[in-house]
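Survey of secondary and tertiary structure
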Amino acid sequence: MRHGQAGLYANSDAERELTGTGRQQSVDMASWLSAIEPTLDCVLHSPYVRAAQTWQVIGNLFTVNSVEVCEDITPYGDAEYIADYVRALVEQYNYQTILLVSHLPVVSYLTSVLTTGKQMPAFATSAIACLELDENSCNLKWLETPASIK
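**Remarks on unusual backbone geometry**
- In this chain, Leu-104 is followed by Pro-105 through a cis amide linkage whose omega measures 0°.
- Mapped onto the elements of the fold, Pro-105 is located in the loop between strand 5 (98-101) and helix 4 (106-114).
- One non-glycine residue, Asn-94, adopts positive backbone phi at about 60°.
- One non-glycine residue, Ser-126, adopts positive backbone phi at about 70°.

**Looking at the sheet that holds strand 4 (residues 67-69)**
- The three strands are arranged 4-2-5 in an open sheet whose pairing can be described as parallel. Taken across any chain shown, the strands that pair with only one partner, and hence form the sheet edges, are strand 4 and strand 5. Going across the sheet, the axis of each strand differs from the next one's by a mean of 15°, ignoring polarity.
- Pairing of strand 2 (residues 42-45) with strand 5 involves four bridges; the strand directions are parallel. By the bridge assignment for strand 5, Val-43 is matched with Leu-99.
- Strands strand 2, strand 4 and strand 5 of the sheet are contacted by helix 3 (residues 79-93), whose axis makes an angle of about 155° with strand 5.

Parameters at a glance
- Residues numbered from 1 in each chain as written.
- Predicted model: local features only at pLDDT ≥ 70, side-chain atom pairs only at ≥ 80, totals over all residues.
- Heavy atoms only, no water.
- Helix = DSSP H or I, 4+ residues; strand = E, 2+ residues; numbered from the N terminus.
- Pairing = 2+ DSSP bridges.
- Axes fitted to C-alpha atoms, helices over the stretch in contact; angles between N-to-C directions.
- Contact = heavy atoms within 4.5 Å.

Have a look at this one:
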């Protein structure tokens, strides 16, 4: 998931906060997703304010086993490293559902890395992609945006 719409001005990029629209679109997307997948094994969110706030406004819509602030899923994080971490979580803990709340461009790069270069979609704010990972491959099942779920 990409974080919700954020304001343009703050002391640093990491401190940008969600707008009212960003909060509402994130809740709309999470409400839609929770009807499909109400339980999440793990949530990883960026330490940046807008990603943390996105999780704060949607977290109560899910039953969650583990939540972790992940320093690596910032806008220019290393997608290969993040992909390895996600694979390790699946392997070590047998997680079936992991939600990452992150940023552009890393969320697009991560999708591309996990799907072995097949996809590098653009993510609108609050967009959510579903990737299905198995032992040999990873496929993009769907990518939804606030506009597409209406």
